[in-house]
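Architecture and fold: a report
The chain contents come next:
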Amino acid sequence: MKSFKAFLFDLDGVLVDTAKYHFLAWKRLANELGFDFTEEQNERLKGVSRMRSLEILLEIGNIEVGVEKKEELASKKNEWYVEYISTMDPSQILPGVKEFLQELKNAGKKTALGSASKNAMTIVTNTGLLPYFDAVIDGTKVTKAKPDPEVFLLGAKELDVEPKECVVFEDAEAGIEAAKRAGMYAVGIGSYQRLSKADLVIPSLNGFTLLDLEKKL
Ligand code: B16
Ligand code: MG
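To start, this report covers the structure provided alongside it. (Residues numbered from 1 in each chain as written. Chains lettered and ligands numbered in written order. Predicted model: local features only at pLDDT ≥ 70, side-chain atom pairs only at ≥ 80, totals over all residues. Heavy atoms only, no water.)

**Quick notes on the overall build of the protein chain**
Going by this rule: Numbering goes from the N terminus for both helices and strands, where a helix is a DSSP run of H or I of at least four residues and a strand is a run of E of at least two. Just to be clear, the radius of gyration here is over C-alpha atoms, and the globule rule we use is 2.2 Å times residues to the power 0.38. Accessible area is worked out with a 1.4 Å probe on protein chains only. A residue is then buried under 20% of its type maximum, exposed over 50%, and partly exposed in between. Throughout, a residue-residue contact means that at least one pair of heavy atoms, one from each residue, lies within 4.5 Å.
What the protein chain contains, in helices and strands, is nine helices and six strands. The C-alpha radius of gyration computed for the protein chain amounts to 17 Å, which stays within 12% of the reference 17 Å derived for 217 residues, consistent with globular compactness. With the C-alpha coordinates aligned to their principal axes, the bounding extent of the protein chain is approximately 55 × 30 × 30 Å. Counting every position in the protein chain, which comprises 217 residues, the buried fraction comes to 48%. By sequence separation, contacts in the protein chain at least 24 residues apart represent 61% of the contacts at least 6 residues apart.

See below:
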């Protein structure tokens with residue numbers, strides 16, 4: 001049976017639900033710009049970089065602005081977002097996450113975070129997840145956003161493993177594409193319809209074990 005050496009995790013939507021804070025901050029910005037922004041529209045921003053998210057938001061509001069204004073709006077949104085995540089604590093870790101990370105540690109597997117967020121460090125520190133990771137690759141370390149495989153390839157490199165020895169856990173389509181392009185095994189967290197390109201799709205990490213993964217291989 002195939003045995004993986006390393007496990008790479010997306011942050012938002014896999015380990016914690018920070019999408020709700022991104023939504024609140026984008027909505028606040030949209031409202032200030034004079035239009036509304038719904039939770040359904042927010043789905044388009046999941047896993048997408050901050051600047052690309054802003055461009056999608058402006059498209060929704062039918063607003064055109066120059067580069068400088070874009071920078072200003074993105075930092076404004078980020079200031080609100082940082083304020084929201086500053087209140088996060090360990091109770092906001094999604095169900096089953098700590099148990100699975102602990103199982104990986106006990107089994108001697110390597111682990112890395114592979115997030116698009118420039119605020120990932122604050123989130124893993126505030127929730128107490130940081131000690132579970134051997135490497136943290138976040139938006140401050142990558143130059144190309146998912147679906148580019150850079151974030152996961154960098155993770156494999158820092159963990160000193162081959163891409164084919166890695167499993168990625170992702171909730172966004174762009175993230176699954178990034179994992180597949182990196183040559184890794186991709187586990188989608190969420191609905192099969194949305195994540196059909198993953199090698200395996202599970203609803204959440206709640207109750208998920210290494211044995212469940214090995215049974216599927
Ligand atoms: P920031 P992930 C992503 O996190 C979020 O899903 C996405 O909504 C956000 O725009 C992106 O991080 C950048 O975040 O503005 O904090 O740098 O899913 O890759 O962990
Ligand atoms: Mg995500």
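**Things to note about the coordination of the magnesium ion (ligand 2)**
Our working rule: Because no water is among the atoms considered, metal sites can look incomplete, with donors defined as N, O and S atoms within 2.8 Å of the metal, or 3.2 Å for Na, K and Ca.
All of the protein donors around the magnesium ion (ligand 2) are Asp10 (OD), Asp12 (O) and Asp171 (OD); their distances to the metal are 2.0 to 2.2 Å. Donor residues for the magnesium ion (ligand 2) sit on one chain with the sequence pattern D-x1-D-x158-D. As far as burial versus exposure is concerned, Asp10 and Asp12 are alike and both buried.

**Describing the pattern of salt bridges**
Selection criterion: Each salt bridge in this description consists of a side-chain nitrogen of Lys or Arg and a carboxyl oxygen of Asp or Glu lying within 4 Å of one another.
Summed over the entire model, instances satisfying the criterion amount to 15 salt bridges. Here Asp10 makes a salt bridge to Lys146, at a shortest N to O gap of 2.9 Å. Taken together, the positions of Asp10 in the loop between strand E1 (6-9) and helix H1 (19-32) and Lys146 in the loop between strand E3 (135-137) and helix H7 (150-159) put the pair 136 residues apart, joining distant regions of the chain. On the accessibility criterion, Lys146 (9% relative accessible area) is buried.

**Some details on helix H5 (residues 97-106)**
Rules: Picture the helix axis, draw a direction to every C-beta atom, and the arc is the one those directions span.
All of the buried residues in H5 are Val97, Phe100, Leu101 and Leu104. The arc that holds the buried residues of H5, viewed along the axis, is 100°, so those residues lie on one side. Opposite its buried face, H5 presents the exposed residues Glu99 and Asn106, each directed more than 90 degrees away. Each element contacted by the buried residues of H5 is listed here: E1, strand E2 (110-114), strand E4 (166-170) and helix H9 (210-216). Within two residues after H5, Gly108 carries a phi angle of roughly 75°, on the positive side.

**Details of the environment of Ile137**
Turning to its location among the elements, Ile137 is positioned in strand E3. Separated by 17 residues in the primary sequence, Ile137 and Ala120 place their C-alpha atoms 8.7 Å from one another. Apart from residues no more than four positions distant in its own chain, Ile137 is found in contact with Leu113, Gly114, Ser115, Val142, Val151, Leu154, Gly155 and Glu158.

**Notes on helix H4 (residues 67-85)**
The condition that has to hold: By definition here, a helix of n residues has an expected span of 1.5 Å times n minus one.
Here H4 is 19 residues long and its end C-alpha atoms lie 27 Å apart, about the 27 Å a rise of 1.5 Å per residue gives. Regarding H4, the residues found buried are Leu73, Ala74, Lys77, Asn78, Trp80, Tyr81, Tyr84 and Ile85. Burial along H4 is one-sided: seen end-on, the buried residues are contained in an arc of 165°. Seen from the open side of H4, the exposed residues pointing more than 90 degrees away from its buried face are Glu68 and Glu79. If you follow the buried residues of H4, they end up packed against H1, helix H3 (50-60) and helix H6 (120-126).

**Observations regarding the site of ligand 1**
Cut-off, in case you're wondering: Whether a residue is near a molecule or strand depends on its heavy atoms: it is near if one of them lies within 4 Å of it. Any N or O atom pair separated by 3.5 Å or less is treated as a polar contact, with the protein-specific requirement of one donor-capable and one acceptor-capable atom, and with residues adjacent in sequence counted only for side-chain atom pairs. Each residue is assigned to one of three groups, with Ala, Val, Leu, Ile, Met, Phe, Trp, Tyr, Cys and Pro labelled nonpolar, Asp, Glu, Lys and Arg labelled charged, and all others, Gly among them, labelled polar.
Lining the immediate environment of ligand 1, one finds 18 residues, of which Asp12, Val48, Ser117, Lys118 and Asn119 sit closest. One nitrogen or oxygen atom from the main chain of Gly47 is found 2.8 Å from an oxygen atom belonging to ligand 1. When grouped by side-chain class, the residues that make up the shell around ligand 1 number five nonpolar, seven polar and six charged.

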